[in-house]
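Chain by chain, the residues run as shown.
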Amino acid sequence: MSKDSRPLSKSVWSKIDVKSWAITEFTLRQYQTRKSTWSIAIIGMLLVTLVLLFYIKGQTSIIESIDQDGDSYDWDGDGYSIAQELQYGTDPNDANDFPNVTALPLSNWVDEDDFSYSMDGDNCQRNIYGIQTEGVCQTNVDDDGDCERLDWVLQNQLLGQGGKDSNFDNIDCSVFISTNIGINVIPDNYVDEDPNDNKYFHETVHRAFVLGFGKIGFAFLMGIFLPLFLATGLIRDEMESETLHYLIGKPIARGEFYAYRLGGYFVMTWAYLASLVLIMNLITGFIAPSDSFFRFQDIQMWAAILFASCLMVMAYGTIFSTFGIFTKYGMLASIFFGVWEFMMAMLTLIGTGSFFVTRMSIVFWGMQIIDSVSVYTWSDSEYLIQQGSLHDLEGHQALESFYGVPSIGSSPLTTLFTSATVLIIITSTVFFIGQSAFKRKELK
Amino acid sequence: MNSQNTDNSSIVVPALMLDHVSKWYGNIVGLNDVSIAINGGVTGLLGMNGAGKSTLFKLIVGKLKPSQGTVRLFGINPWENKAPFSRIGYVPEHEKLYDWMTAFDFVTIMARLFGHSREQAEERAKHVLKFVGLDDVMHKELGKYSKGMRQRAKIAQALVNDPDLIILDEPLQGCDPLARTTIMNVIRELGSMGKTIVVSSHILSEIERITEQIVILHNGRLLALGNLHAIRDLLDKHPHRISLTTEEPRELASKFLNHESVYGVHFPSKNELLIETHDLGKVHNDMPFILDNSGIRVTAIENPDDNLESILEYLMEGR
């Protein structure tokens, strides 16, 4: 080889690069000219807009506070709440016996013992009926101090077995957090018993919205419909319109051509999904409950939704385009497949991994990715659901509907990697099947 | 054509070679045991609709797999190796194009699929579009092109990589006379440049104006291949009819009846004389003198038997 000549590898790779980008660019330009592309894009945008309007309405609505522990009432009519009377040792049932201090507004004892859950705490054990459970214990979490006032608790005959240590972690008025199977939070009686209903509602509804729209809106609906309209005809439409020859009658392997064509589809759908996810993240980030002006913690959640959706449009797109290679009824086959996926999506939401058959779907693995990251992003979701259920707080059903425990592997991280790997393997396998069929396909 | 020359010093690999190629669509025979080798010049592929021309082309360009036999492009099986496609330009029969693209964009993209950079591809596109006479409208969308312009755009995309073998499937079909002339000129010019060109048609006169080398297919079989003039000479010896339109058909008939090659006359209509001959060439040679001497005005002369059907009929009779 002379000094001036290019190495063979460089020459070959640069040619492949030119061809790949030419096909990808051509595919993208072709999408731009199709009505179906704009229709599906506009429908997607309308869906997002509509759902966002519901979300904004939910986040701006005010939920009336409920006094879950009932200590804000003034039973004896002396102007002092039960809580204030018990705090100063006076009889809440005697109008003539009241604290010698200024009466505080009764509303001070509404929503006064909010959830104090976090994973910070000392390692400890819970021992109940001889069964020991390892976990983390939190102390000094009784915001209104009513757990500490055992007399008041006894007076109301609401104390469960174990007195101040109803969770049997050998610490009075604590919160015990077991992480054995999922996250199980067990507070002592009168700890975290009067949460902020409005705050709880907005938080749970926000999480439910992100999880629900992430799983159903993005991963499932977008994941199915974008490929259905954009990928099924990727090869088939060219075959039917007899224009395929212009593209494959060139010194380029059919398998390569198919890969680049899919590449154009991926660029298109991923860019679209990324723009929608970005819009959703920005709008919800400014509206959702947050300590700062923007809810930064959700960024990783939206990133997970985008990641799962991208993998799903990749998998569905490859499957649907392969259907299109095999048969002119590819669209019909894709719709049947979509119905199967819909059933599996519903089973996955209901059973959160308990139905083994759901693993025979794409949507299960996509949802697992979102669930895995949600455990890291919002580690207290299970606790919120438990407490909401316990105190019948508005919003817990919504979160319960869409929250799922990752059910593959020993940790959420394992589930995340396993799910992503499975989707990539499915895509690769189907791609090779489609590629192989396309290589042998005669164009009549 | 048909040259698979071998000598001691070199082997000439034909651009196109089919060896006992057959293609069946279920029970229907598309092509039946066709063997042919073509290298250099313009070859006309003649055949009626359904003769197997398009099947043959689809086999050549790798759209179809032969049911039997082998297809070789520059010595290579196109189903095993795509390399020959860098030396082939194909103009399909159908007129489907990407109507949303301009001719320039279309041809540029096609050039890039050969591995040319964007700049190189654009240069090549401009060059070939000028060659086919579309340079002044190359930035117009293909959907707004006339039939003839679309055909030329298809030819341009086939030429963009400067191919050695060019396959044109019915390139003149549906074109107006001006477009036909332009396309024929392009094909002739490509032939003179030393390319191997195979052009199909079911109209004999079209092929005649482009080339002398022909291949005739009939019902999927290779019926004849060789020089068109040689075939025509044979055909000219076959009974033939010449139709003359004149106001004095009977007077004119008497002049022709004295000709040694004319064996009969008919009057199909009031102003038409039909002459039957065994030597078409001789009658045509002598006709100007006969007409001149007769002083009878003739408004039209036609050869109703000088078409592909007649050739096919003649060749079939010889079988």
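Everything numeric in this text was worked out from a predicted model, so none of it was measured. (Residues numbered from 1 in each chain as written. Chains lettered and ligands numbered in written order. Predicted model: local features only at pLDDT ≥ 70, side-chain atom pairs only at ≥ 80, totals over all residues.)

### A word on the domain arrangement of chain B
Residue and element names in this part refer to chain B. Entries for chain B in the domain assignment read domain 1 (16-233) and domain 2 (238-317). Spacing between the C-alpha centres of domain 1 and domain 2 amounts to 37 Å. Every contact between the two is made by ten residues of domain 1 and, on the other side, five residues of domain 2. Within the side of domain 1 that touches domain 2, the residues separate by chemical class into eight nonpolar, two polar and no charged. (Domains from an automatic or database assignment. Contact = placed C-beta atoms within 7 Å. Nonpolar A, V, L, I, M, F, W, Y, C, P; charged D, E, K, R; others polar.)

### A look at the domain arrangement of chain A
Residue and element names in this part refer to chain A. If you check the domain split of chain A, you get domain 1 (16-61 + 198-440), domain 2 (66-109) and domain 3 (122-194). At the interface, six residues of domain 2 touch seven residues of domain 3. In terms of residue class, the side of domain 2 that touches domain 3 is made up of two nonpolar, one polar and three charged.

### With respect to the sheet that holds strand β2 (residues 131-138) of chain A
All names here are of chain A. With respect to topology, four strands assemble into an open sheet ordered β1-β2-β3-β4, the strand pairing being antiparallel. Every interior strand has two partners, whereas the edge strands, β1 (122-128) and β4 (184-187), have only one. For this sheet, the mean inter-axis angle between neighbouring strands, taken without regard to orientation, is 40°. As paired strands, β2 and strand β3 (residues 175-178) are joined by four bridges and run antiparallel to one another. Bridging across to β3, G135 finds its partner in S178. (Pairing = 2+ DSSP bridges. Helix = DSSP H or I, 4+ residues; strand = E, 2+ residues; numbered from the N terminus. Axes fitted to C-alpha atoms, helices over the stretch in contact; angles between N-to-C directions.)

### Regarding the interface of chain B and chain A
In many reports, interface size means the accessible area that the parts give up when they come together. Between chain B and chain A, the contact holds 23 residues from the first and 20 residues from the second. Examining the composition of the side of chain B that touches chain A, we find that three residues originate from one element, helix α2 (residues 103-112) of chain B, more than from any other. Counted by class, the side of chain B that touches chain A contains twelve nonpolar, six polar and five charged residues.

### Remarks on the environment of I171 of chain A
Residues and elements named next belong to chain A. Note that I171 resides in the loop between α4 (150-155) and β3. Classification of I171 as partly exposed rests on a count of 19 C-beta atoms within 10 Å. With 143 residues separating them along the chain, I171 and L28 place their C-alpha atoms 64 Å apart. Beyond its immediate sequence surroundings of up to four residues, I171 is in contact with C124, C137, T139 and D165. (Buried ≥ 20, exposed ≤ 12 C-beta atoms within 10 Å, placed from the backbone.)

### Some thoughts on the nonpolar core
Counting residues in each nonpolar core, the largest one holds 172 residues, and the members touching the most others are I305 of chain A together with V107, L129, A156 and I167 of chain B. For I167 of chain B, the residues in contact, after removing those within four places along its chain, are F57, I60, V61, I88, Y90, V91 and V198 of chain B. Of all hydrophobic cores here, the second largest spans nine residues; its members include L244, F256, L273 and L280 of chain B. (Core = buried A, V, L, I, M, F, W, Y, C linked by C-beta atoms within 7 Å.)

### Considerations on the pairing of β1 of chain A
All names here are of chain A. Of the pairings in the sheet, the one linking β1 to β2 comprises seven bridges and is antiparallel in character. Looking at β2, one finds that D122 is bridged to C137. Between β1 and β2, which pair antiparallel one after the other, the connecting turn spans two residues, and Y129 there sits at a positive phi close to 50°.

### A look at the environment of A288 of chain A
All names here are of chain A. Structurally, the position occupied by A288 is in the loop between α8 (254-287) and α9 (299-326). Overall, A288 belongs to the buried group, with 20 C-beta atoms counted inside 10 Å. Residues A288 and R440, 152 residues apart in the sequence, show an inter-C-alpha distance of 54 Å. In this structure A288 touches Q59, H206, R295 and D298, once residues within four positions along its chain are discounted.

### Let's talk about the packing of α2 of chain B against helix α4 (residues 147-159) of chain B
Helix packing for two helices is described by the angle between their axes and how far apart those axes are. Residues and elements named next belong to chain B. One can describe the packing of α2 onto α4 by two numbers: an axis separation of 8 Å at closest approach and a directional angle of 25°. Our classification of the angle between α2 and α4 gives roughly parallel. Viewed along their axes, α2 and α4 form a crossing whose handedness is right-handed. Counted together, A103, F106, V107 and M110 of α2 and A153, A156 and Q157 of α4 form the full contact between these two elements. Here the residues of the contact of α2 with α4 are counted per class, giving six nonpolar, one polar and no charged. (Parallel < 35°, antiparallel > 145°, perpendicular 65-115°, else oblique. Left-handed = near helix turned anticlockwise from the far one by under 90°.)

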